[in-house]
Protein chains: 2
Amino acid sequence: MRLESTLTGATHPAPEPRTPTPRPGGRSTRVRAEVVAATLAEVAEKGYDGLTVEAVAARSGVHKATLYRRWGGVDGLVADALTASADQPWPLPDTGDLRQDLRRITQEVFSVFTDPELGPTPTALISAAQRSDTGAAALRAFFAARHRQAAEVAERAVARGELPAGTDGAEVVRAATAPLYYRLFVSGEPLDARTAERAADAAALAAHAGLFTPTTTTPEQN
Amino acid sequence: MRLESTLTGATHPAPEPRTPTPRPGGRSTRVRAEVVAATLAEVAEKGYDGLTVEAVAARSGVHKATLYRRWGGVDGLVADALTASADQPWPLPDTGDLRQDLRRITQEVFSVFTDPELGPTPTALISAAQRSDTGAAALRAFFAARHRQAAEVAERAVARGELPAGTDGAEVVRAATAPLYYRLFVSGEPLDARTAERAADAAALAAHAGLFTPTTTTPEQN
């Protein structure tokens, strides 16, 4: 059931909540938003090694004891900042052509991470998340959620007959974006717009060839 | 000029070395090998946060003062362990078919990093290198060297007419291996043999389509 239909009662009457749940705009929601914003700012400025619950408390105006109780510590703060990012609505391209859609997605990743204003925060957040098991689990969930969301561009391509039925859409998105994240977070080699475009094109080509269907025998099997 | 021709004097007489250089099997070479081995063992056991010059000194039997003088500190030790790894001879597959060669390469990456015996050390080393500028520079150089070496599989494919002239061989290798490293070091999603095979196949497909030539307009440009 979609969130909107729950809220509007379009398909079922909204059930009475049994425990108090965060309401949009409610106090709990506002506190979390303040804490996430403060965590992101602290991580971007000081990195994981410089991140403290005290500094997040000071910056967010939320009491340190509340932070420890609700988030456990710095690793929980980093994990929740990622979870909050994964929850953000993320407009997907819909050009009617898989390759163009994938190019928009890789162009977006390229633009964000290489932008001197926008890039440092997500870069620092991902690096910070890699530093603890809690963070790593949130990172895994974050990327899995992004892949699932973006898989829609491949699912639409299947629906319009551009891709074979059974194509694993999340895998198409992973293939398109992996060469970018590889450079950004593993090899450290420079990333440019052409590389982003080429990664999208290669993923589209592989998807068209049926490489991302579960039972595929690849076209030139030998 | 190739290294071999320098050494044999094929094109120019080899110049007299002006400073003593490490000889294979010489004391300096042995000391470095001990230090690299000790660094790898310490990083694998304790991670970057637990790595100390003292522990590397104790394990290698090389005096702490020597380590500080020649390596500067833990970041220099990590960087040199990577450099030493990059220098290791790395047998390349030569099946006569690009896709098969790339499959062997991605299979090797998959096997090493997911092996419970072999995987932890390189995984810890890469993670440790990400923690300092010195380490990151060594990591960049390490991957660039690996890509350059492995580019030979694509260069051979060009030579036998399988790939278009001008194909960027290093880029073919990056495309094949990026989906593996992305899972291992960024998204944290599980990696399996099928993913490794598919990454190789997708890279081969893109290479055959001419995506990795500098002036390419991709086949389905629109």
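Chain A is annotated in an unreviewed UniProt entry as TetR/AcrR family transcriptional regulator of Kitasatospora xanthocidica.

Lay out the interface of chain A and chain B in plain terms, naming residues and giving numbers.
If you look at the interface, chain A gives 42 residues, while chain B gives 42 residues. Summed over the shared surface of chain A and chain B, the number is 8 salt bridges. There are 10 residue pairs in polar contact (both at pLDDT 80 or more) connecting chain A and chain B. Elements with a contribution of two residues or more to the side of chain A that touches chain B: α6 (98-114), α8 (133-150), α10 (169-187) and α11 (193-208) of chain A.

Can you break down the environment of D201 of chain A residue by residue, with the values?
One can find D201 of chain A in helix α11. Taking the C-alpha atoms as reference, D201 of chain A lies 7.7 Å from A176 of chain A; in sequence the two are 25 residues apart.

Tell me what's going on with the relation of the copies chain A and chain B, and back it up with residues and numbers.
Once chain A has been moved 0.0 Å along the axis and rotated by 180°, it coincides with chain B to within an RMSD of 0.0 Å. Both copies are brought into coincidence by an operation consistent with a two-fold rotation axis. Both copies share a contact surface, since 100% of the interface residues of chain A are interface residues in chain B too.

Give me the lowdown on the UniProt feature "DNA-binding region" (unreviewed entry) in chain A, citing residues and values where you can.
Here the UniProt-annotated "DNA-binding region" (unreviewed entry) positions come out as residues 52-71 of chain A. Along residues 52-71 of chain A, the helical share is 80% and the strand share 0%, with 12 Å between the first and last C-alpha atoms.

Mind laying out helix α4 (residues 64-71) of chain A, listing which residues take part and the relevant values?
Residue and element names in this part refer to chain A. Listing the buried residues of α4 in full gives T66, L67 and W71. Looking down the long axis of α4, one finds its buried residues gathered within 100° of arc, a one-sided arrangement. At its buried positions, α4 is contacted by α2 (27-46), α3 (53-60) and α5 (74-87). G72, located one to two residues past α4, shows a positive phi value of around 85°.

Please give an account of the environment of S132 of chain A that cites residues and values.
Residues and elements named next belong to chain A. Within the element layout of this structure, S132 appears in the loop between α7 (120-129) and α8. For S132, a relative accessible area of 11% gives the class buried. Taking the C-alpha atoms as reference, S132 lies 9.4 Å from V78; in sequence the two are 54 residues apart. For S132, the contacting residues outside a window of four places in its chain are Y48 and D75. Within the structure, the side chain of S132 is placed 2.9 Å from the backbone nitrogen of G135, a separation counted as a polar contact.

Report on the packing of α8 of chain A against helix α10 (residues 169-187) of chain B, specifying residues and quantitative values.
Following both chains from N to C, one finds α8 of chain A and α10 of chain B inclined at 130°, their axes separated by 9 Å at the closest point. Accordingly, the angle class assigned to the pair α8 of chain A and α10 of chain B is oblique. Taking contact as the criterion, the partners of L139, R140, F143 and H147 of chain A in α8 of chain A are, on α10 of chain B, Y182, V186 and S187 of chain B. Of the residues contributing to the contact of α8 of chain A with α10 of chain B, the split by class is 4 nonpolar, 2 polar and 1 charged.

Tell me about the confidence of the model for chain A, and please be specific about residues and values.
Chain-level pLDDT for chain A is 88 on average; 86% of the residues reach the 70-or-more range. For residues 1-20 of chain A, every residue scores under 50 in pLDDT, and the model assigns this stretch 7 contacts once sequence neighbours within four places are set aside.

Can you break down the packing of helix α5 (residues 74-87) of chain B against helix α8 (residues 133-150) of chain B residue by residue, with the values?
Residues and elements named next belong to chain B. Contact pair α5 / α8: the axes reach a minimum separation of 8 Å and the direction vectors enclose 5°. In terms of orientation, α5 lies roughly parallel with respect to α8. Touching D75, G76, A79, L82, S85 and A86 of α5 are T134, G135, A138, L139, F142, A145, R146 and Q149, all from α8.

Lay out the pattern of salt bridges in plain terms, naming residues and giving numbers.
Residues and elements named next belong to chain A. Enumeration according to the criterion identifies 38 salt bridges over all chains in this entry. Among the salt bridges present, the one from D49 reaches R131, with a minimum N-O distance of 2.9 Å. Here D49 is found in the loop between α2 and α3, whereas its partner R131 is found in the loop between α7 and α8, with 82 residues between them in sequence. A relative accessible area of 59% means that D49 is categorised as exposed. R131 gets classed as partly exposed once you look at its relative accessible area, which sits at 23%. Residue R156 is joined to D101 by a salt bridge in which the shortest nitrogen-to-oxygen separation is 3.5 Å. With R156 in helix α9 (residues 152-159) and D101 in helix α6, the pair connects residues that are 55 residues apart, well separated along the chain. For D101, a relative accessible area of 0% puts it in the buried group. Here the residues in one salt-bridge network are R99, R103, R194, E197 and D201, joined through shared partners.

Go over helix α6 (residues 98-114) of chain B with me, naming the residues and quoting the values.
All names here are of chain B. Taking 1.5 Å per residue as the helical rise, α6 with its 17 residues ought to reach 24 Å, and the 24 Å between its terminal C-alpha atoms agrees with that figure. Looking only at α6, the buried set comprises L98, R99, Q100, D101, L102, R103, I105, T106, V109, F110 and F113. Buried residues in α6 make contact with α7 (120-129), α8, α9 (152-159), α10 and α11 (193-208). Where α6 begins, the capping side chain belongs to D97, and its oxygen is found 3.3 Å from the backbone nitrogen of R99.

What counts and how
Residues numbered from 1 in each chain as written. Chains lettered and ligands numbered in written order. Predicted model: local features only at pLDDT ≥ 70, side-chain atom pairs only at ≥ 80, totals over all residues. Heavy atoms only, no water. Contact = heavy atoms within 4.5 Å. Salt bridge = Lys/Arg side-chain N within 4 Å of Asp/Glu carboxyl O. Polar contact = N/O pair within 3.5 Å; in protein donor to acceptor, adjacent residues only side chain to side chain. Helix = DSSP H or I, 4+ residues; strand = E, 2+ residues; numbered from the N terminus. Least-squares fit on C-alpha atoms with pLDDT ≥ 70 in both. UniProt positions renumbered as here; feature names shortened; annotations may be inferred. Buried < 20%, exposed > 50% of the residue type's maximum accessible area, 1.4 Å probe, protein only. Arc of directions from axis to C-beta. Axes fitted to C-alpha atoms, helices over the stretch in contact; angles between N-to-C directions. Parallel < 35°, antiparallel > 145°, perpendicular 65-115°, else oblique. Nonpolar A, V, L, I, M, F, W, Y, C, P; charged D, E, K, R; others polar. pLDDT = per-residue confidence, 0-100. Expected span 1.5 Å × (residues − 1).

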